[in-house]
Amino acid sequence: PAQNKMTGIIEDSDQLIYEVFFGEKNMYLMGTNNMMQYNSFNEKTSETLIYGLRCIDSVETATDNVFAFIQEEIENGENIYNIHLISGKDGKTPSDTLIQMPKGVKHAVLSDERLFCFSEDTLYLYKFTGEFEKETKLDIRTTAVRKLTENMLLISADDGVYFYHI
């Protein structure tokens, strides 16, 4: 900031805050127990229980903010069995959509419109409503997926590294 001074403080002594996301009008704090939404006046506008879950990705769309959560004990590269999509914007009560993953899904990222889930050889697409959209067999054996930008993924495979536009 041009003033080089603090403009606000949010205190929370009930949990550890491990991630902060800034939206256009709101700030989201991911804690060990709850996800909290604050407006630009530092007023808490919503709070959602996320105990036992870890946020792996988020996206701000024109109409919503969507966060993808998995069980916190799942390490990177292990099988993901369920993904919770929690969405809500501008103080509205967030909605929680639980999506059960096909066998072998190890990586998941959000785009503006979809949830992309990767197993070693398959890409699965879901709408934010939880509705399955399509399955695509991959010509590579995926070992890691990383989101570089809102529309670009870096996919590591046995035979190299690939960029994938979403």
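Data block above holds the structure.
Because the structure is a prediction, the values reported are computed rather than measured.

**Q** Before we move on, can you summarise the packing of aromatic side chains with the specific residues and values?
**A** Scanning all chains against the criterion turns up three aromatic pairs. Both rings, one in Tyr28 and one in Phe67, keep their centres 4.9 Å apart while their planes meet at 55 degrees; by these two values the pair is tilted. Of this pair, Tyr28 sits in strand E2 (residues 27-31) while Phe67 sits in strand E6 (residues 65-71), and the two are 39 residues apart along the sequence. As far as the burial class goes, Tyr28 and Phe67 line up, both buried. Ring-pair connections join several aromatic residues into one group, and the members of that group are Phe21, Tyr28 and Phe67.

**Q** Now, about a negative patch on the surface: what can you tell me, with residues and values included?
**A** Side chains of Glu72, Glu73, Glu75 and Glu78 sit close together on the surface and give a patch of like negative charge. Summarising the element assignment, Glu73 is placed in the loop between E6 and strand E7 (82-87). Overall, Glu73 belongs to the exposed group, its relative accessible area being 55%.

**Q** If you had to explain the sheet that holds E2 to someone new, which residues and values would you point to?
**A** Working definition: the strands of a sheet are paired by backbone hydrogen bonds and lie parallel or antiparallel to each other. Strand order in the open sheet formed by four strands is E1-E2-E3-E4, and the pairing between neighbours is antiparallel. Where the open sheet ends on each side, the last strands, each with one partner, are strand E1 (17-22) and strand E4 (44-49). Across the sheet, the mean angle from the axis of one strand to that of its neighbour is 15 degrees, orientation sign disregarded. Pairing of strand E3 (residues 34-38) with E4 involves five bridges; the strand directions are antiparallel. In the sheet register, Met35 faces E4, and the bridge partner there is Thr48.

**Q** Could you give an account of the sheet that holds strand E15 (residues 160-165), with specific residues and numbers?
**A** Ordered by their spatial adjacency, three strands build an open sheet running E13-E14-E15, and the pairing between neighbours is antiparallel. The sheet is open, and its two borders are formed by strand E13 (142-149) and E15, each paired with just one other strand. Each strand axis lies, on average, 25 degrees off the axis of its neighbour in the sheet, ignoring direction. Alignment of E13 against strand E14 (residues 152-157), held across six bridges, turns out to be antiparallel.

**Q** An account of unusual backbone geometry is needed here, citing residue identities and associated values.
**A** Even without being a glycine, Asn42 presents a positive backbone phi close to 60 degrees. Take Asn42: it is sitting in the loop between E3 and E4. A residue is classified by how much of its surface remains accessible, and Asn42, at 33% relative accessible area, is partly exposed.

**Q** How would you summarise the side chain of Thr48 if you had to cite specific residues and measurements?
**A** Here Thr48 shows up in strand E4. Assessed through its relative accessible area of 15%, Thr48 is described here as buried. Leaving out residues up to four positions away in the same chain, Thr48 has contacts with Asn33, Asn34, Met35, Ile86 and Pro94.

Rules and cut-offs
- Position numbers for residues count from 1 along each chain, tracking the sequence in the order it is written.
- Totals for whole chains, interfaces and linings use every residue, but because this is a predicted model, local features are given only for residues with pLDDT of at least 70 and side-chain atom pairs only at 80 or more, for both listing and counting.
- The side-chain figures draw on all heavy atoms in the structure; neither hydrogens nor water molecules are used.
- The pairing test for Phe, Tyr and Trp rings, Trp by its six-membered ring, is centres within 6.5 Å, and the orientation test on the planes gives stacked under 30 degrees, edge-to-face over 60, and tilted for anything in between.
- Runs of E in the DSSP output that reach at least two residues are strands. Runs of H or I that reach at least four are helices, and both are numbered from the N terminus.
- Working definition: with a 1.4 Å probe on protein chains only, accessible area under 20% of the residue-type maximum means buried, over 50% means exposed, and in between means partly exposed.
- Residues forming no salt bridge and having over 30% relative accessible area are the ones grouped into patches, like charges within 9 Å of each other and nonpolar side chains (Val, Leu, Ile, Met, Phe, Trp, Tyr) within 5 Å.
- Accessible areas in this description were obtained via Shrake-Rupley with a 1.4 Å probe; residue shielding takes into account the shown protein chains only.
- Put simply, a salt bridge is a Lys or Arg side-chain nitrogen that is within 4 Å of an Asp or Glu carboxyl oxygen.
- The charge count treats Lys and Arg as positive and Asp and Glu as negative. His and the chain ends do not count.
- Lysine's charge is taken at NZ, arginine's at CZ, aspartate's at CG and glutamate's at CD.
- For two strands to be treated as a pair, DSSP must find no fewer than two bridges joining them.
- For helices, the fitted line uses only the C-alpha atoms of the stretch in contact; every axis is such a line through C-alpha atoms, and the angle between N-to-C directions lies from 0 to 180 degrees.
- By definition, residues are in contact when any of their heavy atoms lie within 4.5 Å.

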